[in-house]
Amino acid sequence: MRRGDQFFGVRPDAVLEPGAERVRRLLQGAAVGRDPSRFPSLSPPFHSAEACVVSFFSPRTPTLTVRREIAKGRAGGHRVCFPHDGQRLRATPNRGNRDDRLLPGGGGSGRSSPGQPAAPPVESDEYTRYELLSPGSSRFHILYEVTACAAGAKAYFNPIRKGSEASDEHVFATG
Amino acid sequence: MTGRPLPFRVVSGDEARRAGLALMRTRTFSYIRIELPRPVPDDGGVRLLIEKTYRDPKELFRGGDFLVFSRSLGIRRNAIVFPAGYEIVACNVPAQLVRESDGRMRVSFMHGEPDAVSAVIRARKLPR
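Given the structure is predicted, the values throughout are model-derived calculations rather than measurements.

Undergrad: What exactly am I supposed to notice about the overall build of chain A here?
TA: Per the secondary structure count, chain A includes three helices and eight strands. The helix and strand sequence of chain A, counted from the amino end, reads α-α-β-β-α-β-β-β-β-β-β. Evaluated residue by residue, chain A yields a buried proportion of 27% over its 175 residues. The long-range fraction of contacts in chain A, counting pairs at least 24 apart against all pairs at least 6 apart in sequence, stands at 50%.

Quick look at the structure:
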């Protein structure tokens, strides 16, 4: 393996048993363990079904819990996250953590539970431009570009956040 | 079809759920339901431009002498354009600062975090 294929010493097989032990050592390693905030995200260039992203959000990372999740194979194809303090460990599909998903014909969530294969993405190539309007109005104009890519979908759902008042909506097909 | 306006309507979370959107936040969000000009083909896509205006005092507000934009951003590629006459003084994500042709300052960045980034950007009004 070339040196460039490694990332903080973690090789692509690092999430497999006994690779999980290697991940545990990384998490408990002196550099990361002392100050996880220095490494806000470890995203090795994994491409296998067992790929995962290990992210640090709190110095109090439940290392042993993660090791157990990996050992059970529940991390396969999922992102293992260390949530904020007080939240439960969770595994999310190995793709963008988005809620505004639509599956063709309905009936799907676009969000997999741990142990389930990741659902195909329903959107891609997203870009958002915010134009802040007059100060004091608390209003901003949003231009959101996205490609709906769920094969067979006839509609696309774009969320309006709770607490935000939306107005002046327009939608255009650009390609 | 470039630039063609598409029909849409705002639906409740419950209605979105009935249409097949069964997500964690479905019930608490409302949605813009957009009718696509054609079904999404296999291995293809339909590119959309969605424009809307939000009013949200919790995300855009005055804090002391600053204009503060504070928002959780799940989309990876973002640009925030401040009103004319403001300069950026703080930004908690690595970003490019670009002056638009009309003089407004734009904060542009792409984040690589697996979850949404809580971006906080402060700007202050330039003296006339």
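So much for the structure itself; the text now carries on.
Undergrad: How do you make sense of the overall build of chain B when you look at a structure like this?
TA: Each helix and strand in chain B was counted, giving one helix and eleven strands. When the elements of chain B are put in sequence order from the N terminus, they spell out β-β-α-β-β-β-β-β-β-β-β-β. Expressed as a percentage of its 128 residues, the buried residues of chain B come to 27%. Across chain B, contacts joining residues at least 24 apart in sequence account for 48% of those joining residues at least 6 apart.

Undergrad: Which parts of the structure should I look at to understand the pairing of strand E3 (residues 30–35) of chain B?
TA: The two faces of the sheet receive side chains in turn, since in a regular strand these alternate between them. Across the six residues that make up E3(B), a large majority, five, are buried. Bridging between strand E7 (residues 155–160) of chain A and E3(B) involves six bridges; their strand directions are antiparallel. What sits directly across from Asn158(A), in E3(B), is Ile32(B). Bridge count between strand E2 (residues 8–11) of chain B and E3(B): four bridges; the pairing is antiparallel. When the bridges of E3(B) are listed, Arg9(B) appears paired with Arg33(B).

Undergrad: Got a minute to help me understand the sheet that holds E7(A) in this structure?
TA: Pairing between sheet strands relies on hydrogen bonds along the backbone, with the strands arranged either parallel or antiparallel. If you walk across this open sheet you meet the three strands as E7(A)-E3(B)-E2(B), and the pairing is antiparallel. Every other strand in the sheet has two partners, leaving E7 of chain A together with E2 of chain B as the edge strands with one partner each. Adjacent strand axes in the sheet meet at a mean angle of 25 degrees when their direction is disregarded.

Undergrad: Please explain the nonpolar core as it appears in this structure.
TA: Grouped burial of nonpolar side chains is what soluble globular proteins tend to show. Of all hydrophobic cores here, the largest spans 22 residues; its most connected members are Ala148(A), Ala153(A), Tyr156(A), Ile34(B), Leu36(B), Val40(B) and Leu48(B). Those elements giving two or more residues to this core turn out to be strand E6 (139–148) and E7 of chain A together with E3 and strand E4 (46–55) of chain B. What Ile34(B) contacts, discounting residues up to four positions off in sequence, is Ala155(A), Tyr156(A), Asn158(A), Val171(A), Leu6(B), Phe8(B) and Leu48(B). By size, the runner-up hydrophobic cluster in this structure holds 15 residues, among which are Tyr130(A), Tyr54(B), Leu60(B) and Ala123(B).

Undergrad: Honestly, the environment of Ile50(B) in this entry has me stumped. Any pointers?
TA: Structurally, Ile50(B) is set in strand E4. A sequence separation of 16 residues divides Ile50(B) from Ile34(B), and the C-alpha atoms of the two residues are 9.4 Å apart. The residues contacting Ile50(B), other than those within four sequence positions of it, are Tyr144(A), Asn158(A), Val171(A) and Ile32(B).

Undergrad: Just checking my understanding: could you explain the interface of chain A and chain B for this structure?
TA: Accessible area lost during the coming together of the parts is what is often quoted as the interface size. Of the residues lining the interface, 69 residues belong to chain A; the matching set on chain B comes to 63 residues. If you list the elements that add at least two residues to the side of chain A that touches chain B, you get strand E3 (78–81), strand E5 (123–132), E6, E7 and strand E8 (165–173) of chain A. Considering each element in turn, the side of chain A that touches chain B owes the most residues, ten residues, to E6(A). Split by residue class, the side of chain A that touches chain B holds 28 nonpolar, 25 polar and 16 charged.

Undergrad: It is not clear to me how unusual backbone geometry should be interpreted in this structure. Could you clarify?
TA: Peptide bonds are mostly trans, and most non-glycine residues show a negative phi. Residues and elements named next belong to chain A. With phi around 55 degrees, Asp125 is a residue other than glycine that occupies positive phi space. Its location among the elements puts Asp125 in strand E5. Judged by the 12 C-beta atoms lying within 10 Å of it, Asp125 falls in the exposed class. In this model, Ser138 sits at a positive phi of 60 degrees, which is unusual for a non-glycine residue. Mapped onto the elements of the fold, Ser138 is located in the loop between E5 and E6.

Undergrad: I keep staring at the confidence of the model for chain B and nothing clicks. Help me out?
TA: Should pLDDT be low for a region, the predicted coordinates there are not to be read in detail. Residues and elements named next belong to chain B. Taken over all residues, the pLDDT of chain B has a mean of 91, while the share at 70 or more is 95%. The element-level mean pLDDT for chain B is lowest in helix H1 (residues 13–18), coming to 84, with strand E7 (residues 77–81) highest at 97. Predicted complex, confidence summary: ipTM 0.94, pTM 0.63.

Undergrad: Mind showing me how you'd approach the sheet that holds strand E5 (residues 60–63) of chain B here?
TA: Residues and elements named next belong to chain B. Spatial strand order, E5-E6-E11-E8: four strands in an open sheet with antiparallel pairing. Edge strands, defined here as strands with exactly one partner in the open sheet, are E5 and strand E8 (86–91). The sheet shows a mean angle of 30 degrees between the axes of neighbouring strands, direction not considered. The pairing of E5 with strand E6 (residues 66–73) spans four bridges and is antiparallel. Paired with Phe61 across the strands is Val68, a residue of E6.

The rules we used
Residues numbered from 1 in each chain as written. Chains lettered and ligands numbered in written order. Predicted model: local features only at pLDDT ≥ 70, side-chain atom pairs only at ≥ 80, totals over all residues. Helix = DSSP H or I, 4+ residues; strand = E, 2+ residues; numbered from the N terminus. Buried ≥ 20, exposed ≤ 12 C-beta atoms within 10 Å, placed from the backbone. Contact = placed C-beta atoms within 7 Å. Pairing = 2+ DSSP bridges. Axes fitted to C-alpha atoms, helices over the stretch in contact; angles between N-to-C directions. Core = buried A, V, L, I, M, F, W, Y, C linked by C-beta atoms within 7 Å. Nonpolar A, V, L, I, M, F, W, Y, C, P; charged D, E, K, R; others polar. pLDDT = per-residue confidence, 0-100.

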